[in-house]
Amino acid sequence: MNRIFALLLLFTALFSCTDSNTMELYDKVQKPGEVNIKGFSKPDVLQLRFNGAPVSIDGKTSYTNKIETQLQFVLDQGETNKLSVYNNETGTEIAKYNITYDNINDFKNLYFFNLPGIYLQTYAVKPQVNLGKVGFEFIFPNLGEFSGTTQKEVKGVLKRENGVVLAEFDNIGKDNFTAVKIYSFFSSTAPIYLELYKPGTTEPYTGSKMIQVKLKQHTGANMIVLQEKMENGEWVVKGDIDVAEYL
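Residues numbered from 1 in each chain as written. Predicted model: local features only at pLDDT ≥ 70, side-chain atom pairs only at ≥ 80, totals over all residues. Heavy atoms only, no water.

## Regarding the pattern of salt bridges
Here is step 1: Scanning the model with the defined rule gives 6 salt bridges in all.
Here is step 2: The residue Glu-195 makes a salt bridge to Lys-159 at a minimum N-O spacing of 3.1 Å. Pair noted here: Glu-195 is in strand β12 (residues 192-197) and Lys-159 is in strand β9 (residues 153-160), with a separation of 36 residues, a long-range link.
Here is step 3: Across the pair Lys-198 and Glu-203 runs a salt bridge whose closest N-O atoms are separated by 3.5 Å. (Salt bridge = Lys/Arg side-chain N within 4 Å of Asp/Glu carboxyl O. Helix = DSSP H or I, 4+ residues; strand = E, 2+ residues; numbered from the N terminus.)

Structure representation (C-alpha cells):
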C-alpha cells in the first residue's frame with residue numbers, strides 16, 4: 001500500500017509540473033501587431049528586415065521607388081521586435097525601429113523617404129499646382145543640430161529679392177512637410193529668399209542675425225528640405241534638396 005501511495009504521489013507531482021509549465025506557455029500576454037509601411041527610395045535599392053528576416057514585397061526582397069507593404073505579427077509582452085531599413089547594395093543599416101507590446105501604436109503607420117545623403121521619416125506626396133503657378137512646402141528635419149536651438153518649429157517668410165512677400169509658413173517642423181503655398185510665377189532666374197523666425201515673431205529662431213535661405217524656384221511643386229550645415233566654421237541653413245524632383 002505504501003508503495004502504491006508513493007507512486008500516486010509521484011505521478012501527481014509529475015502531472016502538476018507539466019500542467020504548470022503548459023499554463024505558463026499559454027498564459028503569455030500577447031496582442032496582434034500591424035505596421036503599415038509607405039516609403040520611397042531613389043536611386044538606392046533598399047531591403048526591409050523584420051527580426052533579421054528580409055521582408056518580401058510582391059515576391060521581391062529588395063525594392064526601389066515606391067515601397068508599400070503591411071506587416072502583421074503577434075507581440076509578446078516584454079519582447080522587442082526589430083524592423084530595419086538597409087541599403088541592399090552596401091549592407092548599411094539606414095534606420096531601425098524597435099517595436100514592442102507597449103509602443104505598437106506609435107508604429108501603426110510608418111513613413112520614410114530615402115534620398116542620397118538624407119533619410120526622412122515622413123511620407124511625401126507631390127501637390128497639385130496649376131500651370132503658371134509656383135507651389136512651395138518645407139520640412140526641417142535637423143532643426144537645432146548645429147544651431148543648438150530648442151525650437152521644434154520655425155516660421156518661414158518667402159520673399160522676392162525686393163522684399164515683396166510671396167508666402168508665409170507659420171510652422172515648419174521636423175516631421176512633416178508644411179501645407180503647400182502657391183503664388184504666380186514671375187522669373188526663371190531671379191532668386192527668392194526664405195527668412196526663418198521663431199513662430200509668431202519677427203525674431204530669428206536663434207541668435208540675433210537674420211537667418212536667410214537662398215532658393216531657386218520653378219513652376220509647379222517645390223518640396224524643399226531645409227538643413228542646418230557647417231560652412232567655414234559657421235552654421236548656415238541650406239535648401240538644396242527638392243523632393244519634388246524625385247516624384
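From this point, things continue past the structure.
## Quick look at the pairing of β12
Here is step 1: Judged by how many residues are buried, β12 sits mostly within the fold: 6 of 6 residues are covered.
Here is step 2: Residues of β12 alternate between two faces, with Ile-192, Leu-194 and Leu-196 on one and Tyr-193, Glu-195 and Tyr-197 on the opposite face, all of them buried.
Here is step 3: Alignment of β12 against strand β13 (residues 212-215), held across 4 bridges, turns out to be antiparallel. Paired with Leu-194 across the bridge in β13 is Val-213. (Buried < 20%, exposed > 50% of the residue type's maximum accessible area, 1.4 Å probe, protein only. Pairing = 2+ DSSP bridges.)

## Some points on the side chain of Gln-227
Here is step 1: When you line up the elements, Gln-227 lands in strand β14 (residues 220-231).
Here is step 2: Those residues within four positions of Gln-227 in sequence are excluded, and the remaining contacts are Ile-118, Phe-140, Asn-142, Val-236, Val-237, Lys-238 and Ile-241. (Contact = heavy atoms within 4.5 Å.)

## Focus: the packing of aromatic side chains
Here is step 1: Within the structure shown, the criterion is met by 10 aromatic pairs.
Here is step 2: Ring centres 4.7 Å apart and planes at 45 degrees place the aromatic pair Phe-50 and Phe-73 in the tilted group. Placement of the pair is Phe-50 in strand β1 (residues 30-50) and Phe-73 in strand β3 (residues 63-76), with a sequence separation of 23 residues.
Here is step 3: Judged by relative accessible area, which is 13%, Phe-73 ranks as buried.
Here is step 4: Ring plane angle 45 degrees and centroid distance 6.0 Å describe the contact between Tyr-205 and Trp-235, whose orientation is recorded as tilted. Of this pair, Tyr-205 sits in the loop between β12 and β13 while Trp-235 sits in strand β15 (residues 234-242), and the two are 30 residues apart along the sequence.
Here is step 5: Exposure remark for Trp-235: the relative accessible area of 27% places this residue in the partly exposed category.
Here is step 6: Ring pairing ties together the aromatic residues Phe-136, Phe-138, Phe-169, Tyr-183 and Phe-186, which thus form one cluster.
Here is step 7: A cation over a ring is seen here: Arg-49 above Tyr-86, with NZ or CZ 3.7 Å from the ring centre. (Phe/Tyr/Trp six-rings, centres within 6.5 Å; stacked < 30°, edge-to-face > 60°. Lys NZ or Arg CZ within 6 Å of the ring centre and 35° of its normal.)

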